[in-house]
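An overview of the molecular structure
Each chain, written out:
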Amino acid sequence: MHTFFSPDLVRGVNLLSPEESHHCAKVLRLQEGEVIRLIDGKGIVAEAIITNPNGKSTEFRITRSQSFERPEKQCSIAIAPTKSNDRFEFFLEKAVELGVDRIIPILCKRSERKNLKHERMEKIVMAATKQSLRPFLPEILPLTKFEKLENIASEVSMFIAHCEDGDKTKVSAINEKHVLILIGPEGDFTPEEIEATNNWGAKPLSLGTNRLRTETAGIFAASMICKNES
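First, a word on scope: everything that follows refers to the structure included in this document. This one's a predicted model, so the numbers in the text were calculated from it and none came from an experiment.

Inspection of every chain in the model, using the stated rule, returns three aromatic pairs. Three or more aromatic residues link up through ring pairs in this structure, and these residues are Phe146, Phe189 and Trp200.

So, in structure tokens, the structure goes:
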């Protein structure tokens, strides 16, 4: 069953967006009477029957729906985008599939990529949400300056994964409800950035003994935190 995004599911006549309609009627060539799955990104998953396939405004009728509660535990990852777009997009896709609730691309002193196409990121997050049948659409923020993270430090339990020596919390030991993991660029966070997070109340985090690429570190952290949430 194919899945589509429809942000305002209501009883009665419903329309897919032009983009989703094109994918439904022109790309997949779905016909009247076929059953589709819908998510609104706000907790509702529904099944519907196509009543009028149209490349610009496909109509459907909801046959059943289920409402989900947002989990108490929330995982956010603030990560420096990699120089390779493909590697960062791979991270986005897998982080969403694993259950990350918010992704914050961050601009650090040693960042190799200093610009991102936000619309492209939104499309990747949307596609991964539909593929993984998540009831809630994760939030993807625009590229954010590192120092701006201070504004949300009091709202979350912040952990920073860096390469410097010292006592660190194991990722498997994290059990807080609202977690924010900081993953730096390939050259790591600067000492000044690490010191800043100490002042914000962040705890140093260990992702194991192996040195990981940025996107691998993000995926590993996501898999461990979201596993703890399940």
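There's more to say after this.
On to the packing of helix α2 (residues 85-98) against helix α3 (residues 118-131), then. Between two packed helices, the angle of one axis relative to the other and the distance separating the axes together describe the packing. Packing of α2 against α3 brings their axes to within 8 Å, and their N-to-C directions diverge by 35°. Along this stretch, α2 crosses α3, giving a crossing that reads as right-handed. Across from Phe88, Glu89, Leu92, Glu93, Val96 and Glu97 in α2, the residues of α3 making contact are Arg120, Met121, Ile124, Val125, Ala128, Thr129 and Gln131. When its residues are assigned to classes, the contact of α2 with α3 shows seven nonpolar, two polar and four charged.

In the structure shown here, the tally under the stated rule is 11 salt bridges. A salt bridge links Lys42 to Asp8, with the nearest nitrogen and oxygen atoms 3.7 Å apart. Placement of Lys42 in the loop between β3 (35-39) and β4 (44-52) and of Asp8 in the loop between β1 (3-5) and β2 (13-15) is noted, with a sequence separation of 34 residues between them. When its relative accessible area of 55% is taken as the criterion, Asp8 is described as exposed. For Lys94, the salt bridge is made with Glu97, and the minimal N-O distance between the two is 3.7 Å. Taken together, the residues span about one helical turn, with Lys94 and Glu97 both in helix α2 at a distance of three residues.

Residue position: His162 is located in the loop between β10 (157-161) and β11 (169-170). A relative accessible area of 9% places His162 in the buried class. There is a polar contact of 3.1 Å between the side chain of His162 and the backbone nitrogen of Glu164. Not counting the four nearest positions on each side in its chain, His162 is found in contact with Lys168, Asp188, Phe189, Ile194, Pro204 and Leu205.

Residue Arg29 is not a glycine yet carries a positive backbone phi of 55°. Inspection of the secondary structure assignment puts Arg29 in the loop between α1 (18-27) and β3. We note that Leu133 has phi near 60°; this positive angle belongs to a residue other than glycine. Here Leu133 lies in the loop between α3 and β8 (139-140).

This paragraph deals with the environment of Glu192. Within the secondary structure, Glu192 sits in helix α4 (residues 191-200). Along the sequence, Glu192 and Lys109 sit 83 residues apart, while their C-alpha atoms lie 9.5 Å from each other.

On the secondary structure map, Glu193 appears in helix α4. For the buried Glu193, no salt bridge exists, and the shortest N-O distance to an oppositely charged side chain is 5.6 Å, to Lys109. One polar contact links the side chain of Glu193 to the main-chain amide nitrogen of Lys109, over a distance of 2.9 Å. With sequence-adjacent residues up to four places away left out, Glu193 is seen in contact with Cys108, Lys109 and Phe146.

Conventions we followed
Residues numbered from 1 in each chain as written. Predicted model: local features only at pLDDT ≥ 70, side-chain atom pairs only at ≥ 80, totals over all residues. Heavy atoms only, no water. Phe/Tyr/Trp six-rings, centres within 6.5 Å; stacked < 30°, edge-to-face > 60°. Axes fitted to C-alpha atoms, helices over the stretch in contact; angles between N-to-C directions. Helix = DSSP H or I, 4+ residues; strand = E, 2+ residues; numbered from the N terminus. Left-handed = near helix turned anticlockwise from the far one by under 90°. Contact = heavy atoms within 4.5 Å. Nonpolar A, V, L, I, M, F, W, Y, C, P; charged D, E, K, R; others polar. Salt bridge = Lys/Arg side-chain N within 4 Å of Asp/Glu carboxyl O. Buried < 20%, exposed > 50% of the residue type's maximum accessible area, 1.4 Å probe, protein only. Polar contact = N/O pair within 3.5 Å; in protein donor to acceptor, adjacent residues only side chain to side chain. Lys, Arg positive; Asp, Glu negative; His and termini not counted.

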